[in-house]
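# Remarks on the overall topology
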Amino acid sequence: MNSAYVPAQHGAWAMLFVPFILGVFGVGPVWLHAPLFLFWLSAYLFSNAFLQWVKTNNIGRCGKPMLLYGSVLASAGILLAAVKPSLVLWAPAFVPLFLVNVRYARKNRERAFLNDLAAVTQFSLIIFVAWAAADGGDWQTARTLFFLNLMYFTGTIFYVKTVIREKHNPRFYAMSVLYHALLPAVAAAACRSGWLALMFALLFVRAAWMPRTKPAVKTVGLLEFAMATLFTVSVLVWAA
């Protein structure tokens, strides 16, 4: 299947859906979240095709996906802007982060840590947009959800690299373990939640132990799906 239509990076789907779910159910669903999701999904699919075009300069392979997803993106964007013009004010927050992705795509270095971090930050920002779409009042909760999502997926960057691309790099493994060791205390201090601290402690165990077992890629993927689900449920229970 043409990866310009369907992204091959399965982990990115969790980064797409989890913060959107946190934003929607953290603030409370409203009807405007439906076109916002269409916009969010088509933005991701369009950007995937666009970045592949930047990387390969193959307009024959990437042109049709860009046209398809760009049309949906524009339609959903026009609807959102017409119904709630203030949502447009969030667009500038995404632009510099996306330009980082463009820069790394041109260099054929999409797996670089800073490129992944820019993507994680972009995905996390949708929490604020979902909040604004529902006229959410408790912005402190939105900021905390953003912070938790950023913490979790930054940890995922570290962890996945230690079991795949950086699995023979002891220095990177040490950085991953140190990062995850700090998360339980940070979560406890930020959220005053023993449950979230316990959840992040489990992620620390995963980061420290799993790379030593040399897991198969499929095992890594299944475990990450389970961890993303646990993270989402745990955070929503805390936010309720």
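Coordinates for the structure precede this section.
Structural notes, computed from the coordinates.

## Structural notes on a nonpolar patch on the surface
Residues Phe-147, Leu-178, Leu-182 and Val-186 make up a contiguous nonpolar surface patch of about 340 Å² in total accessible area. The leading source of residues in the nonpolar patch is helix α7 (residues 170-191), at 3 residues. When you line up the elements, Phe-147 lands in helix α6 (residues 139-163). Since its relative accessible area comes to 34%, Phe-147 is described here as partly exposed.

## Concerning the packing of aromatic side chains
The way to describe two aromatic rings as a pair is by their centre distance and the angle between their planes. All chains considered together, the criterion is met by 22 aromatic pairs. Aromatic ring contacts, followed pair by pair, group Trp-13, Phe-17, Phe-20, Phe-37, Trp-40, Tyr-44, Phe-94 and Phe-123 into a single cluster. The side chain of Arg-103 reaches across the aromatic face of Tyr-104, ending 5.7 Å from its centre. Directly above the aromatic system of Tyr-159 lies the positively charged group of Arg-206, at a separation of 4.1 Å from the ring centroid.

## Some details on the pattern of salt bridges
The final tally for this structure, using the stated rule, is 4 salt bridges. The shortest N-O distance in the salt bridge between Glu-110 and Lys-55 comes to 3.5 Å. In this pair, Glu-110 is assigned in the loop between α4 (91-106) and α5 (113-133) and Lys-55 in helix α2 (residues 33-56), connecting sequence segments 55 residues apart. For Glu-110, a relative accessible area of 25% translates into the label partly exposed. Salt-bridge contacts for Lys-161 lead to Asp-116; the nearest nitrogen and oxygen are separated by 3.2 Å. Residue Lys-161 is found in helix α6, and its partner Asp-116 is found in helix α5; the two are separated by 45 residues along the sequence. Relative accessible area serves as the criterion here: at 9%, Lys-161 is assigned to the buried category.

## What to know about α4
Along its 16 residues, α4 runs 23 Å from first to last C-alpha, staying within 8% of the 22 Å computed at 1.5 Å per residue. Of all the residues in α4, the buried ones are Phe-94, Leu-97, Asn-101, Val-102, Tyr-104 and Ala-105. Where α4 is buried, its residues touch α2 and α5. Asn-108 sits one or two residues past α4 and shows a positive phi near 60°.

## Quick word on the packing of helix α1 (residues 11-27) against α6
When two helices pack together, their arrangement is given by the angle between the helix axes and by the axis-to-axis distance. Relative orientation of the contacting elements α1 and α6 amounts to 160°, with a least axis distance of 11 Å. Relative to α6, α1 is oriented roughly antiparallel. Pair α1 / α6 crosses with right-handed handedness. Packed against α1, whose contacting residues are Ala-14, Met-15, Val-18, Pro-19, Leu-22 and Gly-26, the element α6 presents Leu-145, Asn-149 and Phe-153 at the interface. Taken together, the residues of the contact of α1 with α6 break down into 7 nonpolar, 2 polar and no charged.

## Concerning the layout of surface pockets
Considered as a void within the structure, the second largest pocket measures approximately 230 Å³ in volume. Around the second largest pocket, the lining residues are Thr-162, Val-163, Glu-166, Lys-167, His-168, Asn-169, Pro-170, Tyr-173, Pro-211, Arg-212, Lys-214 and Pro-215. Of the residues belonging to the lining of the second largest pocket, the class tally is 5 nonpolar, 3 polar and 4 charged.

## Digging into the environment of Ser-47
Among the secondary structure elements, Ser-47 is positioned in helix α2. In this structure Ser-47 comes out as buried when scored by relative accessible area, which is 15%.

About the criteria used
- Residues numbered from 1 in each chain as written.
- Predicted model: local features only at pLDDT ≥ 70, side-chain atom pairs only at ≥ 80, totals over all residues.
- Heavy atoms only, no water.
- Patch = residues over 30% accessible without salt bridge, like charges linked within 9 Å, V, L, I, M, F, W, Y side chains within 5 Å.
- Areas by Shrake-Rupley, 256 points an atom, 1.4 Å probe, with all protein chains shown as cover.
- Salt bridge = Lys/Arg side-chain N within 4 Å of Asp/Glu carboxyl O.
- Helix = DSSP H or I, 4+ residues; strand = E, 2+ residues; numbered from the N terminus.
- Buried < 20%, exposed > 50% of the residue type's maximum accessible area, 1.4 Å probe, protein only.
- Phe/Tyr/Trp six-rings, centres within 6.5 Å; stacked < 30°, edge-to-face > 60°.
- Lys NZ or Arg CZ within 6 Å of the ring centre and 35° of its normal.
- Expected span 1.5 Å × (residues − 1).
- Contact = heavy atoms within 4.5 Å.
- Axes fitted to C-alpha atoms, helices over the stretch in contact; angles between N-to-C directions.
- Parallel < 35°, antiparallel > 145°, perpendicular 65-115°, else oblique.
- Left-handed = near helix turned anticlockwise from the far one by under 90°.
- Nonpolar A, V, L, I, M, F, W, Y, C, P; charged D, E, K, R; others polar.
- 1 Å grid on protein atoms, 1.4 Å probe; cavity = no way out; pocket = protein on both sides within 12 Å on 5 of 7 lines; lining within 4 Å.
- Points joined across faces, edges and corners; volume = space filled by probe spheres on them.

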